[in-house]
Amino acid sequence: MTLSLRPSALALWAALSLTAPAALAQTAPVQVSDPWVRATVPQQKATGAFMTLQAPAGSRLVEARSPVAAVVEIHEMAMQGDVMRMRAVPGLDLPAGKPVALKPGGYHVMLIDLKQALKAGDTVPLTLVFEGADKQRVTQAVSAPVRALNAAAPAPAHDHGGHKH
Ligand SMILES: [Cu+2]
């Protein structure tokens, strides 16, 4: 009959272990929504990856990697004189709870020295490295579908109101 005691002992153990890793709450995973990569044409050696990041407790994107590119950088668009140019930045701050958009014409993850052409329908694996306020680094794997070269951010749903079939 000693076995009948086990379930309550297990429940107690489970309750204790749930309260133990309190520090993990501060490194809640960054939400990555709608990741995508812009397709390339032949000979094109670089392209951009886009997504929306939201960090529940605040975080910083400090690094990105991908097996399809020899070099991966975090880029921003900035005016240089009269010309809009992109340049690498050491990281991208993600304020707590605020969505940060990586999109064409703005921040993006730059895939440089591509090892292969990327065509619509392909999937590109990305590894994102985030640094929390506690300086702990966490990596997050993302699968980003490749979209056509002229793809922009997803268009809002069109609703013309009168068409109910
Ligand atoms: Cu760039």
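Here the structure is a predicted model, which is why all the values come from computation and not from measurement.

Draft legend 1. Region of interest: the coordination of the copper ion. Around the copper ion, the protein contributes the donor atoms His75 (ND1), Met86 (SD), His108 (NE2) and Met110 (SD), at 2.1 to 2.2 Å from the metal centre. In this structure, the copper ion is coordinated by four donor atoms arranged in tetrahedral fashion, with angles at the metal of 99 to 114°.

Draft legend 2. Summary view of the pattern of salt bridges. Tallying each qualifying case throughout the model produces seven salt bridges. Across the pair glutamate 76 and arginine 87 runs a salt bridge whose closest N-O atoms are separated by 2.8 Å. Placement of the pair is glutamate 76 in strand S4 (residues 69–80) and arginine 87 in strand S5 (residues 83–88), with a sequence separation of eleven residues. Of the residues examined, glutamate 76 reaches a relative accessible area of 15% and is grouped as buried. Residues joined by salt bridges that share partners form a network here, namely Glu131, Lys135 and Arg137.

Draft legend 3. Local environment of the pairing of strand S8 (residues 108–114). Of all seven residues that make up S8, five are buried, and the element is covered over most of its length. As defined by bridge partners, strand S2 (residues 46–54) adjoins S8 across four bridges and the pair is classed as antiparallel. For glycine 48, the partnering residue across the bridge sits in S8 and is methionine 110. Strand direction decides the pairing type here: S4 and S8, joined by six bridges, are antiparallel. Looking at S8, one finds that alanine 69 is bridged to leucine 114.

Draft legend 4. How the structure looks around the pairing of strand S3 (residues 59–65). When S3 meets strand S6 (residues 92–94), the two strands line up antiparallel, connected through three bridges. In the sheet register, serine 59 faces S6, and the bridge partner there is leucine 94. The pairing of S3 with strand S9 (residues 123–132) spans six bridges and is classified as antiparallel. If you follow arginine 60 over to S9, its bridge partner there is glutamate 131.

Draft legend 5. Broad picture of the side chain of glutamate 76. Polar contacts involving the side chain of glutamate 76 include one to the side chain of arginine 87, which spans 2.8 Å. Here glutamate 76 is in contact with Arg85, Met86, Arg87, Val89, Gly106 and Tyr107, once residues within four sequence places are set aside.

Draft legend 6. Highlighting the confidence of the model for the protein chain. When pLDDT is averaged along the protein chain, the result is 83; 75% of the residues meet or exceed 70. Overall, residues 12–16 carries pLDDT values under 50, and its contacts beyond four positions in sequence, including any with other chains, amount to zero contacts. Note on residues 155–165: pLDDT is under 50 here. Beyond four places in sequence and across chains, it has zero contacts.

Draft legend 7. Expanded view of the nonpolar core. Of all hydrophobic cores here, the largest spans 29 residues; its most connected members are Leu53, Val109 and Leu111. Of all the secondary-structure elements, those providing two or more residues to this core are S2, S3, S4, S6, strand S7 (100–102), S8, S9 and strand S10 (137–147). Residues contacting leucine 111, with those up to four places away along its chain left out, are Val37, Lys45, Ala46, Thr47, Ser66, Val68, Ala69, Val71, Val72, Val124 and Leu126.

Scoring rules and cut-offs
- Residues numbered from 1 in each chain as written.
- Predicted model: local features only at pLDDT ≥ 70, side-chain atom pairs only at ≥ 80, totals over all residues.
- Heavy atoms only, no water.
- Donors = N, O, S within 2.8 Å, 3.2 Å for Na, K, Ca; no water.
- Tetrahedral: all angles 85-135°; square planar, octahedral: opposite > 155°, others 65-115°.
- Salt bridge = Lys/Arg side-chain N within 4 Å of Asp/Glu carboxyl O.
- Helix = DSSP H or I, 4+ residues; strand = E, 2+ residues; numbered from the N terminus.
- Buried < 20%, exposed > 50% of the residue type's maximum accessible area, 1.4 Å probe, protein only.
- Pairing = 2+ DSSP bridges.
- Polar contact = N/O pair within 3.5 Å; in protein donor to acceptor, adjacent residues only side chain to side chain.
- Contact = heavy atoms within 4.5 Å.
- pLDDT = per-residue confidence, 0-100.
- Core = buried A, V, L, I, M, F, W, Y, C linked by side-chain atoms within 4.5 Å.

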